[in-house]
Amino acid sequence: MLEVNNLRITVNSKVLVDNISFKLDENKTLGIIGQSGSGKTLTVLSIMGLLDRKIYKISGNIKFLNKEILGLKEKETASIRLSDIAMVYQNPFNTFSPVEKINKQFDRIYRIKKLKRDDVKIKNLLEKVSLNESYLKKYPHEMSGGELQRMVIVTALLLKPEIIICDEPTTSLDINTGRSIIKLLKKLKKEENFSIIFISHDLDMIEDISDELIVMKNGKIAEKGKASEVIKNPKDEYSRKLLKLFKLGD
């Protein structure tokens, strides 16, 4: 589905991400962990084409379905976002406009993509995340954090993307709501047949949802492998220290 090779991101000659390489297979989940500033979010934002090229210098290769997407013009990159690769951010309240009802915001997505609105698809997705059509008539502030994050997931799935990138999607939620979101993502991945890149500081959630795992340190990959093996028997010294900190709830 996705292949990243030798990804390097710099700002004013300062290296922020260095020589990152990984693959994401069909209907699999790649987990990424690392402390703040390790380059996790920069890496996924480069995949989405959301880094300002006037500020960030990006080199390497990013292939989606064997097509090089790094270096595409903004219009071409924008056509990929949401349609092929969608993103779920950590704070659902920042995803939607606070002054418009959800229904109107869905209309805009279809209009921007020049697609006919699919009400059957919307209703089906709402049912899958345990919401109903009445939520479409609400403003974002009229929903709880958990409800709104479920609506964000509906938004991400509207145009049937191949990959969903989740950047710490449970951080702003309580632990029980967070676990329900993980359970939901696993269920939807099977039903809707998409792949996931999942960034989190929560070790239990990473282990629960991930097939493969990357540990990042200072913009580099410290370790990668099967999630269960990396978590249970990390080979890198930094990985061992980081996983111990995460287990202690740091």
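Residues numbered from 1 in each chain as written. Predicted model: local features only at pLDDT ≥ 70, side-chain atom pairs only at ≥ 80, totals over all residues. Heavy atoms only, no water.

Peer 1: What's the story with helix H6 (residues 175–192) in this structure? I'm lost.
Peer 2: It helps to recall that an α-helix has 3.6 residues per turn; residues three or four apart then point in one direction. Here H6 is 18 residues long and its end C-alpha atoms lie 25 Å apart, about the 26 Å a rise of 1.5 Å per residue gives. Taken together, the buried positions of H6 are Gly178, Ile181, Ile182, Leu184, Leu185, Leu188, Lys189 and Glu192. Seen end-on, H6 carries its buried residues on one side only, within an arc spanning 165°. Those residues of H6 that are exposed and angled more than 90 degrees off the buried face are Asn176, Lys183 and Lys190. Two or three places before asparagine 176, at the start of H6, stands the capping residue aspartate 174, its side-chain oxygen 3.1 Å from that residue's backbone nitrogen. Count one or two residues on from H6 and you reach asparagine 193, which has phi positive near 60°. (Helix = DSSP H or I, 4+ residues; strand = E, 2+ residues; numbered from the N terminus. Expected span 1.5 Å × (residues − 1). Buried < 20%, exposed > 50% of the residue type's maximum accessible area, 1.4 Å probe, protein only. Arc of directions from axis to C-beta. Polar contact = N/O pair within 3.5 Å; in protein donor to acceptor, adjacent residues only side chain to side chain.)

Peer 1: Explain the packing of helix H3 (residues 102–112) against helix H5 (residues 145–157) to me, please; I cannot follow it from the model alone.
Peer 2: Each packed pair of helices is defined by two parameters, the angle between the axes and the distance between the axes. Contact geometry for H3 and H5: axes closest at 11 Å, N-to-C directions at 20°. One way to sum up the angle between H3 and H5 is to call them roughly parallel. Crossing geometry of H3 relative to H5 is assigned as right-handed. Taken together, the residues of H5 that come into contact with H3 (itself represented by Ile102, Phe106 and Ile109) are Met151, Val154 and Thr155. Tallied by class, the residues present in the contact of H3 with H5 amount to five nonpolar, one polar and no charged. (Axes fitted to C-alpha atoms, helices over the stretch in contact; angles between N-to-C directions. Parallel < 35°, antiparallel > 145°, perpendicular 65-115°, else oblique. Left-handed = near helix turned anticlockwise from the far one by under 90°. Contact = heavy atoms within 4.5 Å. Nonpolar A, V, L, I, M, F, W, Y, C, P; charged D, E, K, R; others polar.)

Peer 1: Is there a simple way to think about the side chain of lysine 40 in this case?
Peer 2: By the secondary structure assignment, lysine 40 is in helix H1 (residues 40–48). Despite its burial, lysine 40 pairs with no opposite charge; the closest candidate is glutamate 168, at 4.5 Å N-O. In this structure the side chain of lysine 40 is engaged in a polar contact, spanning 3.3 Å, whose partner is the backbone oxygen of glutamine 35. Residues contacting lysine 40, with those up to four places away along its chain left out, are Ile32, Ile33, Gly34, Gln35, Glu168, Ile199, His201 and Met216. (Lys, Arg positive; Asp, Glu negative; His and termini not counted. Salt bridge = Lys/Arg side-chain N within 4 Å of Asp/Glu carboxyl O.)

Peer 1: Is there a simple way to explain the sheet that holds strand S3 (residues 29–33) in this structure?
Peer 2: Adjacent strands of a sheet pair through backbone hydrogen bonds, lying either parallel or antiparallel. Strand order in this open sheet of six strands is S6-S7-S8-S3-S9-S10, and the pairing throughout is mixed. At either end of the open sheet lies a strand with only one pairing partner, and these are strand S6 (85–88) and strand S10 (220–226). The average angle at which neighbouring strand axes cross in this sheet is 15°, direction not considered. One ladder, built from six bridges, connects strand S9 (residues 212–217) with S10; its direction is antiparallel. The residue bridging methionine 216 from the neighbouring strand is isoleucine 221, located in S10. The strands that H1 touches are S3, S6, strand S7 (163–167), strand S8 (195–199) and S9; relative to S6, the one it contacts most, it runs at about 145°. This element, H5, spans S6 and S7 of the sheet and lies at about 170° to S6. (Pairing = 2+ DSSP bridges.)

Peer 1: What is the right way to look at the packing of aromatic side chains in this model?
Peer 2: The geometry of an aromatic ring pair comes down to the distance between the two centres and the angle between the two planes. This structure, assessed with the given rule, holds zero aromatic pairs. Sitting over the face of the ring of tyrosine 135, lysine 138 holds its NZ or CZ atom 4.2 Å from the ring centroid. (Phe/Tyr/Trp six-rings, centres within 6.5 Å; stacked < 30°, edge-to-face > 60°. Lys NZ or Arg CZ within 6 Å of the ring centre and 35° of its normal.)

Peer 1: It is not clear to me how the pattern of salt bridges should be interpreted in this structure. Could you clarify?
Peer 2: Side chains that differ in charge, positive against negative, can pair when their charged atoms come close. Enumeration over the complete set of coordinates arrives at 14 salt bridges. Close ionic contact of glutamate 100 with arginine 108 constitutes a salt bridge, the shortest N to O distance being 2.6 Å. A salt bridge links glutamate 191 to lysine 187; the nearest nitrogen and oxygen atoms lie 3.5 Å apart. Note that glutamate 191 and lysine 187 are positioned in helix H6 at a spacing of four residues, about one turn of the helix. Residue classification places lysine 187 among the partly exposed positions, given a relative accessible area of 36%. A single network of salt bridges, built from pairs that share partners, joins Lys121, Lys128, Lys187, Glu191 and Glu192.

Peer 1: Before we go on, may I ask you to explain the layout of surface pockets in this structure?
Peer 2: Empty space left among the atoms is revealed by rolling a probe the size of a water molecule over them. Space inside the largest pocket adds up to approximately 560 Å³. Along the walls of the largest pocket sit 21 residues, with Arg81, Leu82, Ile109, Lys113 and Thr155 positioned nearest its centre. Top contributing element to the lining of the largest pocket by residue count: H3, with four residues. Here the residues of the lining of the largest pocket sort into 12 nonpolar, five polar and four charged. What the second largest pocket holds in volume is close to 220 Å³. As for the second largest pocket, its lining consists of 17 residues, of which Gly49, Arg53, Leu72, Glu74 and Thr77 are closest to the centre. (1 Å grid on protein atoms, 1.4 Å probe; cavity = no way out; pocket = protein on both sides within 12 Å on 5 of 7 lines; lining within 4 Å. Points joined across faces, edges and corners; volume = space filled by probe spheres on them.)

Read these as spatial facts, not as claims about activity.
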